[in-house]
Amino acid sequence: MNLKSKKMINIWHKRLTIIIVAITFLTFVVFQNQTIYAKDINDYEDTSISVLTNSTIPLYNNENDIIAYYYELSNGGYIIVNADGSAFIEYSLEDSKIDLLESKNYYYSDVLSLHEKLDSAIAENCITGEIAEVDDIEFNIKKSGINNVKSATDLAMNVVSCLSEGVFEEKKLKYNTMTYKYNPDGRCGAVAGAILLRYYNDYVNTRYVSSTYETYDGKALINFLVNNYLGTGTTYKELRNGLNSYLSDINISYRFRMLQGKNSLDVFNKIREYIKNNKPVIVGLTGSEKYGDHWVVGTGYSILYNKTFGFINIVNVNDGWGNRDVSINMYYVDGCQYIYK
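Quick caveat, the model's predicted, so the values are computed rather than measured.

A. Layout of the pattern of salt bridges. Tallied over the full model, the rule gives 8 salt bridges. A salt bridge links lysine 276 to glutamate 169, with the nearest nitrogen and oxygen atoms 3.5 Å apart. Placement of lysine 276 in helix H6 (residues 265-276) and of glutamate 169 in strand S9 (residues 167-172) is noted, with a sequence separation of 107 residues between them. When its relative accessible area of 37% is taken as the criterion, lysine 276 is described as partly exposed. Between lysine 172 and aspartate 325 there is a salt bridge whose closest N-O contact spans 3.4 Å. Taken as a pair, lysine 172 in strand S9 and aspartate 325 in the loop between strand S13 (310-318) and strand S14 (326-329) lie far apart in primary sequence, 153 residues in all. What makes lysine 172 partly exposed here is its relative accessible area of 25%. Given a relative accessible area of 7%, aspartate 325 falls into the buried group.

Okay, structure coming up:
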């Protein structure tokens, strides 16, 4: 072999080595960015959670159409899916604080909003006990496709199965958020703000909440925010501006920013970014012009993989009614608010 040939072989060996190193590095980066975290379902003692199919309860809209099905889980949690089995809406692996009965009828007006039908005109909120006229309830869960209880049941079982076998990525806050649930008049923005501020106060900087308002039930802080900064029924801008006024008054230079977009990948990635940095965010659920937005606190996220639907983005939330771990399909999220340094 002549000298020229040897040089060419050496050059190709070097190039091949560079390519191999580059591929190895890229593989490492991709793997790091797509870590499969500890499975959600394994955070619970019962690692074989299943859908109790004999607990199937239809949920109605104000026109008496079945729009969803509610299923109890074997550990006391629940899952709600569309009536045609096209998508799940919400689920929780925590022991549910409500108990639906097969002998009664229920309205499902929105995410986290179940009402027991008392008669054709009156309904009772299953969480708050508030009595309302059906005509005054805003129904944001729309009918989708043809009612198919078998498809809905199959989907519910499929999603729960994914929680133990198909979690592509998952992350939760390192610490628990407070279980504030004081909301007598649509002050969910103040409740969400109080939960987030208390988390920052406890785990980031003790300047966020005065000791005067560090009560276990959160009423003092919630009332303070309502009376001085937010009121009730807050929009995106009203919530952001009110919370920023609060931060100004306690001499914190950081500010809340908002990011809007229904079922937006940008919104999901912002939630994902903050959760990875152990910071909660305020999450907006799709609301209406009449009643405004509904606010909860983002405490985690999941990406499930289902062979039928592909990747499903999920936001884990503190619902402001005392439940720390309710999982919402990203389809029903329309934005978030977060503290920006």
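So that's the structure; there's more coming.
B. Region of interest: a nonpolar patch on the surface. Together, Tyr175, Tyr203 and Val204 give the surface a local cluster of nonpolar side chains, amounting to about 260 Å² of exposed area. With respect to the element layout, valine 204 can be found in the loop between helix H3 (188-203) and helix H4 (219-230). With relative accessibility at 40%, the residue valine 204 sits in the partly exposed group.

C. Up close: the pairing of strand S4 (residues 88-92). Most of S4 is tucked away, with 5 of its 5 residues classed as buried. One ladder, built from 4 bridges, connects strand S3 (residues 78-82) with S4; its direction is antiparallel. When the sheet's bridge partners are listed, valine 81 is paired in S4 with phenylalanine 88. The turn linking S3 back onto S4 is made up of 5 residues, and glycine 85 within it adopts a positive phi angle of 75 degrees. Judged from the 3 bridges that link them, S4 and S14 form a sheet pairing that is antiparallel. Looking at S14, one finds that tyrosine 91 is bridged to serine 327.

D. How the structure looks around the confidence of the model for the chain. When pLDDT is averaged across the chain, the result is 85; 84% of the residues are at 70 or more. Note on residues 16-46: pLDDT under 50 across the span, and 41 contacts to partners over four residues away in sequence or across chains.

E. How the structure looks around the pairing of strand S2 (residues 66-73). The buried fraction of S2 is high, at 6 of 8 residues. In terms of strand pairing, strand S1 (residues 51-60) meets S2 through 6 bridges, oriented antiparallel. Note that in S2 the partner of tyrosine 60 across the bridge is isoleucine 66. Taking the residues that link successive antiparallel strands as the turn, the S1-S2 hairpin has 5 residues, and the phi of asparagine 64 there is positive, at about 65 degrees. As judged from the 5 bridges shared by S2 and S3, these two strands associate in the antiparallel manner. Counted as the bridge partner of tyrosine 70 is isoleucine 80 from S3. Between the antiparallel neighbours S2 and S3 lie 4 residues, among them glycine 76 with a positive phi of about 100 degrees.

Cut-off values and rules
- Residue numbers run consecutively from 1 along every chain, following the written order of its sequence.
- In view of the model being predicted, local features appear only for residues whose pLDDT reaches at least 70, and side-chain atom pairs are presented and counted only at 80 or more, with totals across whole chains, interfaces and linings using the full set of residues.
- The side-chain quantities take in all heavy atoms of the structure and omit both hydrogens and water.
- Every case where a carboxyl oxygen of Asp or Glu lies within 4 Å of a side-chain nitrogen of Lys or Arg is listed as a salt bridge.
- We count a stretch as a helix when DSSP gives it H or I for four or more residues in a row; a strand needs E for two or more, and each element gets its number in order from the N terminus.
- Exposure is judged per residue with a 1.4 Å probe applied to protein chains only, and the accessible area is read against the type maximum: over 50% gives exposed, under 20% gives buried, and values in between give partly exposed.
- To count toward a patch, a residue needs a relative accessible area over 30% and no salt bridge; like charges are then connected within 9 Å, while nonpolar side chains (Val, Leu, Ile, Met, Phe, Trp, Tyr) are connected within 5 Å.
- Values of accessible area rely on a 1.4 Å probe in the Shrake-Rupley scheme; residue burial ignores everything except the protein chains shown.
- One requirement defines pairing of two strands: DSSP has to find at least two bridges between them.
- A residue's pLDDT is simply how confident the predictor is in it, with values from 0 to 100.
- Working rule for contacts: check all heavy atoms of both residues, and any pair within 4.5 Å makes them a contact.

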